[in-house]
Amino acid sequence: MIPFVYTMSAAKGKSASNKSGGFQSMGLSHPVLKGILKRGYKVPTPIQRKTIPLALNNRDVVAMARTGSGKTACFLIPMFEKLKTRQPTSGARALILSPTRELALQTARFIKEMGRFTGLKASTILGGDSMEGQFSALHENPDIIVATPGRFLHLCIEMDMNLKNIQFVVYDEADRLFEMGFGEQLHEITNRLPVHKQTLLFSATLPKILVEFAKAGLDNPVLIRLDVESKLPEGLKLSFINCRPEEKLAVLMCLLKRVIKPDTQTVVFAATMHHVEYIHLILDKVGISNTYIYSNLDPTARKINAAKFQSGKVKVLVVTDVAARGIDIPHLDNVINFHFPAKSKLFVHRVGRCARAGRSGIAYNIVSPDEYPALLDLHLFLGRSLNIVPATKKENIPEESIGRLPKGMIEEELSDLITWHEDNTDIYNMEKVCENAYQQYLRSRPAASTESNKRVKELNFETAGILPEFQDQNDAVSEFLLKMKSYRPPGTVFEILSKPGSTDYKAMKEKRSFHKDNILNHHRKIEERENKIANLKPVESNLPSSTTDEIANAFKEVVQPKKRKIDSLYKNEKAKKRRKLEKDEEFFIPYAAVDKHTEDGLAVNSFATEADKATLDFTADNEESMRLSKQLKKWDRKKKKMVAVENPKAAKIRTESGVWIPASYKTQKYKQWKDKNNVENSYGAEDDGDNDEAEASTNAKNR
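The rules behind each value
- Residues numbered from 1 in each chain as written.
- Predicted model: local features only at pLDDT ≥ 70, side-chain atom pairs only at ≥ 80, totals over all residues.
- Heavy atoms only, no water.
- Salt bridge = Lys/Arg side-chain N within 4 Å of Asp/Glu carboxyl O.
- Helix = DSSP H or I, 4+ residues; strand = E, 2+ residues; numbered from the N terminus.
- Buried < 20%, exposed > 50% of the residue type's maximum accessible area, 1.4 Å probe, protein only.
- Pairing = 2+ DSSP bridges.
- Phe/Tyr/Trp six-rings, centres within 6.5 Å; stacked < 30°, edge-to-face > 60°.

1. Considerations on the pattern of salt bridges
Counting across every chain of the model gives 19 salt bridges. Lys257 is the partner of Glu413 in a salt bridge, and the nearest nitrogen-oxygen pair spans 3.2 Å. Highlighted residues: Glu413 in helix 16 (residues 407–423) and Lys257 in helix 10 (residues 248–259), separated in sequence by 156 residues. Here Glu413 falls in the buried class, since its relative accessible area comes to 3%. Residue Lys257 is classed as partly exposed on the basis of its relative accessible area, which comes to 40%. A salt bridge links Arg445 to Asp370, with the nearest nitrogen and oxygen atoms 3.3 Å apart.

Below is the structure:
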């Protein structure tokens, strides 16, 4: 669903609302739009559709967006539109703060590529670079500054920098900025910025400290939350099973017969209606009570089959994605993805039907090699790590790892399936129909991202071990076959089968000793690649999370994705329930006061209770108490002894705004640089009237 995008332009007095969602409908200037199209952007992402129109209307925005969602363009496009063209005399007008050097350099590269037709100039201020070069870059009056907070604050104090011309401020990955300990620097930089400015803040999470920062430093911000679609139920457990395409049906049989309890309800998602009928035919052959639903099914039959499953007469429901919409199953225990969904949102939509209302559930996902890129996209979308079960290690295996079932379990079911296909003509013909239908499905299936297709080649899914919950059912023969499959002999056929004195043996030994370093480097790279797991390890946050009340107090306006329309079959019924719950707040009179439970003394966190717990600590008021306060010590777990408590304000200075920062920020490097390069004026310093008159008289004499 594409949300409405409201543009700034109006045709003949009528407000234009565009549903196309393209960059052309946002009222952008020609240089900015040309840079966007040259960069290769065609259709804006969901976060861009929501953020850019608000930013163009000069609103402060707090957007929750993960890496790879297109958030860089969310603040660069409004920034280009606001700055327009290069102004070499006014100084920096935009500031972008990034947590790491790599992200700052990436942002600077995007500015150069996307804003090349605007003529705007950007400078990067990064820790670890030469300060003299950064002094020179700032004296060239760039329009945009991309910086890390530590070095930028250092230059602000060192150069007595005047930031009065800053109009546009961006905090990129703000949660990482606070996690890395830049809180003091951010508050000090914010206090130095002008009051009238536009601020955009982007974060993957919304911790409590970030809500307080947005409430204090932003002017009536709008919160854009698109992370709602990427959240899974808390009680849901994910299980990923990899196998060959011809073993998928056997894995499904293993799950339904041996793993899933018979008294629980299970929904099986398949790609096409032909696969739904095929699985239904096999389950009837096995003796598992089931029913099925797909879009082309007769409405009456569809309603009857859904009622069978909802009433509990059958425990397994086989459906397609189209048929699954609008079906409300309140007590669903298990979900099986027979075909892994190509889109991450579709995965959340499927498994989100399970583990509702505080219940627990399991989502089993059968993944074949052609679905591995979609699996990587899902983990990036959810922000979770991708772990492959090792073939040998059997302890400390992370949860939600991808592995396989024991070979003996699969082969036992596979032998029965082969026999049924040979003896039953209907099953054999249905298998051929499903093969043709799957080929048609592949043509219409959305492709995974390019990066995921590259990472798949680096990961070795074939050597994945058995999942921890199935290791007890593994047999010795399967374990031995797996070891044989992963075994690599140390020598070649010329060394193993030849005699030590033969020419072949000596030649291979000389060749091996000559390329010894290359062989070691090759094995080292393979180990590093397996340990890295395609850089999908998420960064764990140690910041306390914010509550719903804190978010509601900080943001008056919250933008969230609109809900999908449900099937017309269930629309009327839900509309009736909604009408019953509606009430007119203006004329509704409750039967009891809102604070009745507080007056009755039944409130858990009342003011009186909190006031009784409150204590007031006084500072030392005599010489003995002051001496004892200086000798306070605490237990150091690493040193195993009591150590003195360090003064938190030691080696720090207090700025004009009252923030304590490290004293090392103020050195004399800027003064030395000015003397060395014969620079008189400081960066951002205003010239007084006397200097202007003297300069005018000097120019008149020269004429």
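2. Focus on the pairing of strand 4 (residues 94–97)
Residues Ala94 and Ile96 point to one face of strand 4 and Leu95 and Leu97 to the other, with burial holding for every one of them. With four bridges joining them, strand 4 and strand 6 (residues 144–147) adopt parallel strand pairing. The residue of strand 6 that forms the bridge with Leu97 is Ala147. Alignment of strand 4 against strand 7 (residues 168–171), held across four bridges, turns out to be parallel. Bridging from a neighbouring strand, Leu95 pairs with Val169 of strand 7.

3. What about the packing of aromatic side chains?
Under the criterion given, the structure shown has eleven aromatic pairs. Ring centres of Phe135 and Tyr670 lie 5.0 Å apart, and the angle between their planes is 65°; on these two criteria the pair is classed as edge-to-face. A residue pair is termed long-range when its members are at least 10 positions apart, and Phe135 in helix 5 (residues 131–139) and Tyr670 in helix 28 (residues 669–677) qualify at 535 residues. Between Tyr438 and Tyr441, the ring centres sit 5.7 Å apart and the planes meet at 35°, which makes this aromatic pair tilted. One end of the pair is Tyr438 and the other is Tyr441, both in helix 17 (residues 425–444) and three residues apart, which spans about a single turn. Take Tyr438 and Tyr441: they sit in the same class, and that class is buried. These aromatic residues form a ring-pair network of at least three members: Phe135, Tyr670 and Trp673.

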